[in-house]
Number of protein chains: 2
Amino acid sequence: MSDIRIAIDAMGGDKAPGEIVKGVVEASRAWPDLKLVLVGDQEVIKAELAKNSAAPSDSLSIFHASEAIAMCEPPAQAVRTKRDSSINRGMELLRDKKVDAFLSAGSTGAMVAAAILIARRSPAVKRPAIGTVFPTIGRPVLLLDAGANTDCGPVELEQFAIMGSIYSRAVLGQENPEVGLLSIGGEDLKGNDITKETLTQLRENKFLNFRGNVEGHDLFQGETDVIVCDGFVGNVVLKTIESEARAVAHMLKNAFKQNIFTMLAALLMRGALKKLKKTMDPETYGGAPLLGVNGTVIITHGASSHKAIYHAVRVAAECVRKDVAAKITGNLAALKKRHTEGLF
Amino acid sequence: MSDIRIAIDAMGGDKAPGEIVKGVVEASRAWPDLKLVLVGDQEVIKAELAKNSAAPSDSLSIFHASEAIAMCEPPAQAVRTKRDSSINRGMELLRDKKVDAFLSAGSTGAMVAAAILIARRSPAVKRPAIGTVFPTIGRPVLLLDAGANTDCGPVELEQFAIMGSIYSRAVLGQENPEVGLLSIGGEDLKGNDITKETLTQLRENKFLNFRGNVEGHDLFQGETDVIVCDGFVGNVVLKTIESEARAVAHMLKNAFKQNIFTMLAALLMRGALKKLKKTMDPETYGGAPLLGVNGTVIITHGASSHKAIYHAVRVAAECVRKDVAAKITGNLAALKKRHTEGLF
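Let me sum up the structure you'll find in this document. All values reported here derive from a predicted model rather than from experimental measurement.

A few points about the interface of chain A and chain B
By a widely used convention, the size of an interface equals the accessible area lost when the partners come together.
Part 1 of the reasoning: Facing the 50 residues of chain A at the interface are 50 residues of chain B.
Part 2 of the reasoning: Buried surface at the junction of chain A and chain B, both sides included, amounts to about 4500 Å², of which 72% is carbon and sulfur.
Part 3 of the reasoning: At the boundary of chain A with chain B, the tally comes to two salt bridges.
Part 4 of the reasoning: Between Glu215 of chain B and Lys239 of chain A there is a salt bridge whose closest N-O contact spans 2.4 Å.
Part 5 of the reasoning: Breaking the side of chain A that touches chain B down by element, the ones donating at least two residues are helix H7 (193–204), helix H8 (231–256) and helix H9 (260–280) of chain A.
Part 6 of the reasoning: In terms of residues, the side of chain A that touches chain B owes the most to one element, H8 of chain A, which gives 21 residues.
Part 7 of the reasoning: Across the side of chain A that touches chain B, the residue classes tally to 26 nonpolar, 15 polar and nine charged.

Okay, structure coming up:
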């Protein structure tokens, strides 16, 4: 299966098209057997390719789209009206099986809307979920849903647990990923109405390696591979983490600027801090998969640099190679059958 | 009003009774006009007082309680069966107006249960809420509810906003505290079913200085004084913040231990890092008020040191001095009247 084809939205993200095209050129050079398709304004893309000493070729082609969806546009409406946007066109390529994966650093809302409206949900999936990987002091954690669905019941949360397990096994290399349900304490009695109902359901699911409730304190321990929550909680948690990281960095920077001694310390710490920053860099995790749609869809951070795009291409290829989307469809169909037949 | 009387649970918390009694002795020396009452095993407390060169007196007395509720006990059951526990006895002192405030570093669940069962909710309050103050790069933020109520509707959330505003004004010194509703984006359309309904209600409440939705990214900006959410989300967010802070501290420590240069840097940074740690120290904020009960109730972190207890005594006295509980009762009664009469 050497002919993995990946479409990349060249127009999405705060640093598009420059960083996007640069990252795609780097990925193309690293994995020449991938067929990469840049979607967007062809003149603009050609110019960016030239800046990176590259030109359209069989393995790095352009698919023209005359429009782009901005970050601030109402997502569903933008997808419905901007028919020739890079997000719509990329998602159509995926739907029509012209590519196996589509990735974008553009509007998350528009990507989710386009995935549902154009590529469509996998059979048996109630709601696609965004998975986000973040570094911890232990193993990296996959948290889902990170914001695609604000109100979820036990059925959705159980599906997220399964989709997350499949992704963790296939892409993050966890043989038997441990799954936790995000709650307000480790004990079974802790939680809100929905998590309590979900807990029972997850305990009975033999497909999962379910450890029970996990709480905020467990997030950075890195002992749970997949953490499940609704998209409201997931989004708040992930943005809180980003906000705190920025605040800490800001305060540390100030501490290093205090006087001549601390400035010297900053110099001495340069290497160690650089290494630390690298370990903690979310860009190496290759963006957030939108799980539960037909085909591989990856959404990267709006501020994605070329490095984030490069890794997102790697992860997209991995998803295709490991057949993540088909595995999700298969498992969820089996789950639905068991639920319908009342086997548990 | 010099005769402020505060009961302190001497048996609650991971470091009880040693750190608790030490903190209370320090508070007694700092503010000799306060009447402090240590609740718990009198022999144990006497011994701890002696260690701090103190003895029972008019301003620092002991109220004997033969039992203690452990962190792990089911809260409501423990409060119902351990009638002579320090938490029950302290809450009875509050109910009987023998003291004006009660504070504990013991089980949060037991404190909430005892407050509701013994001291009782203020008239018009549907659910008492735990407020937690945390430091940011701007002004400190009061987040509530931090975990007393897992499932909340718009009525509860509106009450939290009012109680939080009153506390922020009285204790945190914000003249006109800005209130935000925790959601997944700043725009009015962002949120889950409950936050969307709550948003409309908060916009119409003239008592509040309401700025609209805030998101995780805003938490550490310190531009909003009071952030409102249900206790499930609040608990997850606060524990996430603690978890990340611990992880960052762990990784920084490792970075400073890397080689001879980084070890020298650690020496040079000692003063600056100490100062930073002090700014970020949640112990100086004096614990979390349980708002919406009859009287002042303060819950401090289970790991509270003497310093946390010292500051909690200060905050408890401030709450009493500023009549926070009565102000909450008055404002919520007025709100209920407006709601009932359909004025908005």
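Description of unusual backbone geometry
Part 1 of the reasoning: Following Ala16 of chain A, the chain continues to Pro17 of chain A via a peptide bond in cis, the omega torsion being 0°.
Part 2 of the reasoning: When you line up the elements, Pro17 of chain A lands in the loop between strand E1 (5–9) and helix H1 (18–30).
Part 3 of the reasoning: Along the chain, Leu144 of chain A connects to Asp145 of chain A via a cis peptide bond; the corresponding omega equals 5°.
Part 4 of the reasoning: On the secondary structure map, Asp145 of chain A appears in the loop between strand E6 (141–144) and helix H6 (154–170).
Part 5 of the reasoning: Positive phi values are uncommon outside glycine, yet Ser53 of chain A reaches one of about 55°.
Part 6 of the reasoning: Considering the arrangement of structural elements, one finds Ser53 of chain A in the loop between helix H2 (42–51) and strand E3 (60–64).
Part 7 of the reasoning: Phi at Asp323 of chain B takes a positive value of approximately 60°, unusual for a residue other than glycine.
Part 8 of the reasoning: If you trace the backbone, Asp323 of chain B turns up in the loop between helix H10 (306–321) and helix H11 (324–341).

A few points about the sheet that holds strand E10 (residues 288–291) of chain A
Residue and element names in this part refer to chain A.
Part 1 of the reasoning: An order of E3-E2-E1-E4-E11-E10-E5-E6-E9-E7-E8 is seen for the eleven strands of this open sheet, with the pairing classed as mixed. With one partner strand each, in any of the chains shown, E3 and strand E8 (209–214) form the two edges of the open sheet. Within the sheet, the average angular offset between the axes of one strand and its neighbour, ignoring direction, is 25°.
Part 2 of the reasoning: Relative to E8, strand E7 (residues 178–182) runs parallel, the two being bridged by five bridges. When the bridges of E8 are listed, Gly180 appears paired with Gly212.
Part 3 of the reasoning: In this fold H6 packs onto strand E5 (129–134), E6, E7, strand E9 (226–228) and E10, with an angle of close to 165° to the strand it touches most, E9.
Part 4 of the reasoning: Contacting E7 and E8, H7 crosses the sheet at an angle of about 160° to E8.

Quick notes on the pairing of strand E2 (residues 35–40) of chain B
Residues and elements named next belong to chain B.
Part 1 of the reasoning: With five of its six residues buried, E2 lies for the most part within the structure.
Part 2 of the reasoning: Between strand E1 (residues 5–9) and its parallel partner E2, the chain crosses via helix H1 (residues 18–30), and the hand of that crossover is right-handed.
Part 3 of the reasoning: Here five bridges tie E2 to strand E3 (residues 60–64), and the two strands are oriented parallel to one another. Across the sheet, Val37 pairs through a bridge with Ser61, a residue of E3.
Part 4 of the reasoning: Taken together, E2, helix H2 (residues 42–51) and E3 form a β-α-β motif whose crossover is right-handed.

What to know about the sheet that holds strand E11 (residues 296–299) of chain B
Residue and element names in this part refer to chain B.
Part 1 of the reasoning: Reading across from one edge, E3-E2-E1-E4-E11-E10-E5-E6-E9-E7-E8 is the order of the eleven strands in this open sheet, with mixed pairing throughout. Bordering the open sheet on either side are E3 and strand E8 (209–214), each of which pairs with just one other strand. The sheet shows a mean angle of 25° between the axes of neighbouring strands, direction not considered.

Concerning the relation of the copies chain A and chain B
Part 1 of the reasoning: With an RMSD of 0.1 Å, the operation that places chain A on chain B is a rotation of 180° combined with a shift of 0.0 Å along the axis. Such a combination of rotation and displacement between the chain copies is what one expects of a two-fold axis. The position closest to the rotation axis in chain A is occupied by the C-alpha of Ala265 of chain A, lying 2.1 Å away.
Part 2 of the reasoning: When the interface residues of chain A are mapped onto chain B, 100% of them are again interface residues, pointing to one common binding face.

Structural notes on the side chain of Thr224 of chain B
All names here are of chain B.
Part 1 of the reasoning: Tracing the chain through its elements places Thr224 in the loop between E8 and strand E9 (226–228).
Part 2 of the reasoning: Residue class for Thr224 comes out buried when judged on its relative accessible area of 2%.
Part 3 of the reasoning: A distance of 3.1 Å separates the side chain of Thr224 from the side chain of Arg211, its partner in a polar contact.
Part 4 of the reasoning: Setting aside residues up to four positions removed in sequence, Thr224 forms contacts with Arg139, Val141, Glu178, Val179, Gly180, Arg211 and Val214.

Quick notes on the packing of aromatic side chains
All names here are of chain B.
Part 1 of the reasoning: Enumeration according to the criterion identifies four aromatic pairs over all chains in this entry.
Part 2 of the reasoning: Ring plane angle 50° and centroid distance 5.4 Å describe the contact between Phe134 and Phe220, whose orientation is recorded as tilted. Of the two residues, Phe134 sits in strand E5 (residues 129–134) while Phe220 sits in the loop between E8 and E9, which places them 86 residues apart along the sequence.
Part 3 of the reasoning: Relative accessible area serves as the criterion here: at 6%, Phe134 is assigned to the buried category.

Description of the packing of H1 of chain B against H10 of chain B
Residues and elements named next belong to chain B.
Part 1 of the reasoning: The contact between H1 and H10 brings their axes to 7 Å, and the two run at 45°. Looking at the two axes, H1 sits oblique to H10. Crossing hand, H1 versus H10: right-handed. Touching Glu19, Ile20, Lys22, Gly23, Val24, Glu26, Ala27 and Ala30 of H1 are His306, Ile309, Tyr310 and Val313, all from H10.
Part 2 of the reasoning: A per-class count over the contact of H1 with H10 returns seven nonpolar, two polar and three charged.

Scoring rules and cut-offs
- Residues numbered from 1 in each chain as written.
- Chains lettered and ligands numbered in written order.
- Predicted model: local features only at pLDDT ≥ 70, side-chain atom pairs only at ≥ 80, totals over all residues.
- Heavy atoms only, no water.
- Contact = heavy atoms within 4.5 Å.
- Buried area = accessible area lost by both parts, 1.4 Å probe.
- Salt bridge = Lys/Arg side-chain N within 4 Å of Asp/Glu carboxyl O.
- Helix = DSSP H or I, 4+ residues; strand = E, 2+ residues; numbered from the N terminus.
- Nonpolar A, V, L, I, M, F, W, Y, C, P; charged D, E, K, R; others polar.
- Pairing = 2+ DSSP bridges.
- Axes fitted to C-alpha atoms, helices over the stretch in contact; angles between N-to-C directions.
- Buried < 20%, exposed > 50% of the residue type's maximum accessible area, 1.4 Å probe, protein only.
- Right-handed = clockwise from strand over helix to strand, strands pointing away.
- Least-squares fit on C-alpha atoms with pLDDT ≥ 70 in both.
- Polar contact = N/O pair within 3.5 Å; in protein donor to acceptor, adjacent residues only side chain to side chain.
- Phe/Tyr/Trp six-rings, centres within 6.5 Å; stacked < 30°, edge-to-face > 60°.
- Parallel < 35°, antiparallel > 145°, perpendicular 65-115°, else oblique.
- Left-handed = near helix turned anticlockwise from the far one by under 90°.

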